[in-house]
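# Summary of structural features
Here's the letter readout for the chains.
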Amino acid sequence: MKLLEMHHVKKSFDGNAVLKQISLSVEEGEVVSIIGPSGSGKSTLLRCATLLETMDDGDLYYLGEAAAKSEAGRAVYAPSESIKKIERQFGLVFQNFNLFPHYSVLKNIMDAPLHVQKRDKAEVKEEAMRLLHKMGLSDRANAYPCQLSGGQQQRVSIARALAMKPKILFFDEPTSALDPELTGEILKVITDLAKENMTMVIVTHEMYFAKDVSDRMIFMDQGVIVEETTPDALFASENERTRAFLGKYHLGGD
Amino acid sequence: MSFEVMMRQLSGGMFTTIQIFVLTLLFSLPLGLLIAFGRMSKHAMLRGAAKIYISIMRGTPLMLQLLVVYFGPYYIFGIGITSSYRAYAVIIAFAVNYAAYFAEIYRGGIESMPAGQYEAAKVLGYTKVQTFFRIIFPQVIKRILPSVTNEVITLVKDTSLAFSIAYVEMFTTAKAIAASQKSMVPLMAAGIFYYVFNFVVAALMEVWEKKLSYYR
Ligand SMILES: Nc1ncnc2c1ncn2[C@@H]1O[C@H](COP(=O)(O)OP(=O)(O)OP(=O)(O)O)[C@@H](O)[C@H]1O
Ligand SMILES: [Mg+2]
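Just so we're clear, the structure is a prediction, and the values are computed from it rather than from any experiment.

Rules and cut-offs
Residues numbered from 1 in each chain as written. Chains lettered and ligands numbered in written order. Predicted model: local features only at pLDDT ≥ 70, side-chain atom pairs only at ≥ 80, totals over all residues. Heavy atoms only, no water. Near = heavy atom within 4 Å. Polar contact = N/O pair within 3.5 Å; in protein donor to acceptor, adjacent residues only side chain to side chain. Areas by Shrake-Rupley, 256 points an atom, 1.4 Å probe, with all protein chains shown as cover. Helix = DSSP H or I, 4+ residues; strand = E, 2+ residues; numbered from the N terminus. Nonpolar A, V, L, I, M, F, W, Y, C, P; charged D, E, K, R; others polar. Salt bridge = Lys/Arg side-chain N within 4 Å of Asp/Glu carboxyl O. Buried < 20%, exposed > 50% of the residue type's maximum accessible area, 1.4 Å probe, protein only. Expected span 1.5 Å × (residues − 1). Bend = angle between axes of the 7 residues up to and from the residue. Pairing = 2+ DSSP bridges. Axes fitted to C-alpha atoms, helices over the stretch in contact; angles between N-to-C directions. Lys, Arg positive; Asp, Glu negative; His and termini not counted. Contact = heavy atoms within 4.5 Å. Phe/Tyr/Trp six-rings, centres within 6.5 Å; stacked < 30°, edge-to-face > 60°. Lys NZ or Arg CZ within 6 Å of the ring centre and 35° of its normal. Buried area = accessible area lost by both parts, 1.4 Å probe. Parallel < 35°, antiparallel > 145°, perpendicular 65-115°, else oblique. Left-handed = near helix turned anticlockwise from the far one by under 90°. pLDDT = per-residue confidence, 0-100. Core = buried A, V, L, I, M, F, W, Y, C linked by side-chain atoms within 4.5 Å.

## With respect to the site of ligand 1
Residues and elements named next belong to chain A. As a structural note, the neighbourhood of ligand 1 is formed by Phe 13, Val 18, Pro 37, Ser 38, Gly 39, Ser 40, Gly 41, Lys 42, Ser 43, Thr 44, Glu 173 and His 205. A distance of 2.8 Å separates an oxygen atom of ligand 1 from a polar backbone atom of Gly 39. Within the side chain of Ser 43, an N or O atom sits 2.7 Å from an oxygen atom of ligand 1. Relative to its unbound accessible area of 640 Å², ligand 1 is 60% covered by the protein chains. In terms of residue count, helix α1 (residues 42-49) provides more of the shell around ligand 1 than any other element does, three residues in total. Its residues placed into classes, the shell around ligand 1 shows three nonpolar, seven polar and two charged.

Structure (structure tokens):
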């Protein structure tokens, strides 16, 4: 079954069409990367998928359940009980982490499982420590976000998202706010998650990484999907816009 | 009058002053938050009402507000004023006045919070109420503490305005004793009291600020 389905998504800001009929679906276990120039609508697409932004028109399904359906040219959202259920299916990792600065690392990870999902404290703590171990941060459980490097903060925010046990995880440029020497550690974490068959949609400017980690890549430009194919096919693309964009990263076909 | 008797009388006023101070904060801090919510509401009516309220409370003298609250029931509605109402009038006037100042402080703090905090909370499934009380408000407190300290120190001194409706607090007592004894001592004692009171308040607020400095 398709984990995520978006059909004909439209979104404008003040008459400026940012998403023009975008469709995107993701199978369970799939890793999809979205690339494209600045302003092409990548973040807006993720924000629509994670319900941070409302679509003007289009359908949005998680595991066959509708969060929104297009009716007479408008996206009509499901009632809040259904939305609450659907919100449990996904997690989002932000470019600038958005950790809660007043909570320790451990509390950042445990707070939502405890107070949103109302899970058992001992179980949540065990899970949090397991995730911290996986992120190589076992010794920083009691630190505060301001005491961590950017890379460490991003790893905490990934652990925080994973602690909710989402079916699909979205990343919006997870390394863009980091110094180049710190991006590697985040890319490694995401690569490891891919090996564990975590379903992920990743917006990134890290072309080599995207090529390595993805099952499928999407090239977006000016609010439309220009190409959607395997990494190898995308990097060998004959499409002019794709080539022009990839050329900037010195990864062009020739 | 012996120094001892003088001090005993003054300490009665001192107690009343501390009482005004504590009760005013107890009521105005939560009320201020409600008004701040009104001020930031989606509903234009509510927003407008809160705006006018704040503008009047900040734009007219507190002493005048005290007189209105105290004499208003009689002049406007013809309700007889009992002497016990005096104490209520003081607390009501101070609380509604300070709530307006606190409302603006809360609003500044809440509006300074980055949208990312709300978004992170939303994606994690926090309800609006949880988001506010678990994520936003604790950080707002840290941000507004210096401005709150300023208001609180002003409040210590403002309590003396209660004399305008003849409510017997520290300042009124000191003035009465000074007049009857033809002595500066009670006024100086009052001055020292206000100073020490403020010193303690400022020190406590500083401790609180330090306690919250574990994060940025
Ligand atoms: N809340 C908003 N209000 C108005 N315009 C917006 C808003 N959010 C995005 N936009 C506009 O929509 C367009 C697409 O923005 P978006 O952030 O989705 O691009 P992006 O592909 O993520 O770019 P980048 O690579 O720079 O992150 C931009 O022109 C942007 O200015
Ligand atoms: Mg973006």
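## Remarks on the pattern of salt bridges
Tallied over the full model, the rule gives 24 salt bridges over all chains. For Glu 119 of chain B, the salt bridge identified is with Arg 47 of chain A, shortest N-O distance 2.8 Å. On the criterion of chain membership, the pair formed by Glu 119 of chain B in helix α5 (residues 115-123) and Arg 47 of chain A in helix α1 is interchain, its members lying in two chains. The exposure class of Glu 119 of chain B is buried, given its relative accessible area of 18%.

## Looking at helix α6 (residues 128-158) of chain B
Between its first and last C-alpha atoms α6 of chain B spans 37 Å; for 31 residues at 1.5 Å apiece the expected length is 45 Å, and the helix comes up short by more than 12%. Taking the largest bend as the criterion, α6 of chain B deviates by roughly 55°, centred on Ile 144 of chain B, and proline Pro 146 of chain B comes between one and four positions later.

## So, the sheet that holds strand β10 (residues 216-221) of chain A
Residue and element names in this part refer to chain A. Pairing in this open sheet of six strands is mixed, and the strands run β7-β8-β9-β3-β10-β11 from one edge to the other. Each of the sheet's edge strands pairs with one partner strand only, and the pair in question is β7 (90-93) and β11 (224-229). On average, adjacent strands in this sheet sit at an angle of 15° to one another, irrespective of strand direction. As paired elements, strand β8 (residues 168-172) and strand β9 (residues 199-203) share five bridges and run parallel to each other. Looking at the pairing, Ile 168 lines up with Thr 199 of β9.

## Here we look at the side chain of Glu 227 of chain A
Residues and elements named next belong to chain A. Looking at where Glu 227 falls in the secondary structure, it is placed in strand β11. Although buried, Glu 227 forms no salt bridge, and the nearest oppositely charged side chain, Arg 243, lies 9.0 Å from it. Within the structure, Glu 227 has its side chain in polar contact with the side chain of Ser 237 (distance 2.5 Å). If we skip the residues at most four places from it in the chain, Glu 227 touches Met 217, Ile 218, Phe 219, Leu 234, Ser 237, Asn 239 and Thr 242.

## Some words on the pairing of strand β6 (residues 74-77) of chain A
All names here are of chain A. Looking at chain direction, strand β5 (residues 65-71) and β6 are connected through four bridges and run antiparallel. Looking at the pairing, Glu 71 lines up with Arg 74 of β6. Between β5 and β6, which pair antiparallel and follow one another directly, the connecting turn spans two residues, one of which, Ala 72, has a positive phi of 50°.

## Brief notes about the packing of aromatic side chains
Scanning the entire structure with this criterion turns up 23 aromatic pairs over all chains. Here a set of aromatic residues connected by ring pairs shows up, and it is made of Phe 37, Tyr 106, Phe 132, Phe 133 and Phe 137 of chain B. Sitting over the face of the ring of Phe 235 of chain A, Lys 211 of chain A holds its NZ or CZ atom 5.3 Å from the ring centroid. When the ring centre of Tyr 215 of chain B is taken as reference, the NZ or CZ atom of Lys 142 of chain B above it lies at 4.6 Å.

## Looking at the environment of Arg 216 of chain B
In this structure, Arg 216 of chain B sits in the segment after α8 (185-211). Beyond its immediate stretch of four places on either side in the chain, Arg 216 of chain B contacts Pro 101 and Cys 146 of chain A together with Lys 142 of chain B.

## So, α1 of chain A
Residues and elements named next belong to chain A. Taking burial as the measure, the eight residues of α1 include six buried ones, the bulk of the element. Of all the positions in α1, only Lys 42, Thr 44, Leu 45, Leu 46, Cys 48 and Ala 49 are classed as buried. Remark: Leu 51 follows α1 within two positions and exhibits a positive phi of approximately 65°.

## Some details on the interface of chain A and chain B
With 25 residues of chain A at the contact, the number on the chain B side is 19 residues. Roughly 2100 Å² of surface becomes buried between chain A and chain B when both sides are summed, with 57% attributable to carbon and sulfur atoms. Joining chain A to chain B, the criterion identifies three salt bridges. Close ionic contact of Glu 87 of chain A with Lys 122 of chain B constitutes a salt bridge, the shortest N to O distance being 3.3 Å.

## Things to note about the packing of helix α5 (residues 150-162) of chain A against helix α6 (residues 180-195) of chain A
All names here are of chain A. Axis separation between α5 and α6 bottoms out at 8 Å; the angle between their running directions is 20°. The angle between the axes of α5 and α6 places the two elements in the roughly parallel class. Here the hand of the crossing between α5 and α6 comes out right-handed. For the pair formed by α5 and α6, the contact residues are Gly 150, Gly 151, Gln 152, Gln 154, Arg 155, Ile 158 and Leu 162 on the first element and Leu 182, Glu 185, Ile 186, Val 189 and Leu 193 on the second.

## Description of the confidence of the model for chain B
Low pLDDT means the predicted coordinates in that region are not meant to be read closely. All names here are of chain B. The share of residues in chain B with pLDDT of 70 or more is 100%, and the mean pLDDT across the chain is 93. Least confident of the elements in chain B is helix α7 (residues 170-181), whose mean pLDDT is 86; most confident is α5, at 98. Across the assembled chains, the prediction reports ipTM 0.94 with pTM 0.92.

## Overview of the nonpolar core
Judged by nonpolar contacts, the single largest core of 98 residues is most densely connected at Leu 4, Met 6, Leu 60, Tyr 62, Ile 168 and Phe 170 of chain A together with Phe 94 of chain B. The element contributing the most residues to this core is helix α4 (residues 85-111) of chain B, with 13 residues. Leave out the neighbours within four places in its chain, and Ile 168 of chain A touches Leu 3, Leu 4, Val 26, Tyr 62, Gln 89, Phe 90, Gly 91, Met 198, Thr 199 and Val 201 of chain A.

## Here we look at the sheet that holds strand β1 (residues 2-13) of chain A
All names here are of chain A. Read across the open sheet, the five strands follow the order β2-β1-β4-β5-β6; overall the sheet is antiparallel. The sheet is open, and its two edges are formed by β2 (16-27) and β6, each paired on a single side. Pairs of neighbouring strands in the sheet enclose a mean axial angle of 20°, with direction left out of account. Examined bridge by bridge, β1 and β2 share eight bridges and lie antiparallel to one another. Counted as the bridge partner of Lys 11 is Leu 19 from β2. The strands that helix α2 (residues 80-87) touches are β4 (57-62), β5 and β6; relative to β5, the one it contacts most, it runs at about 125°.

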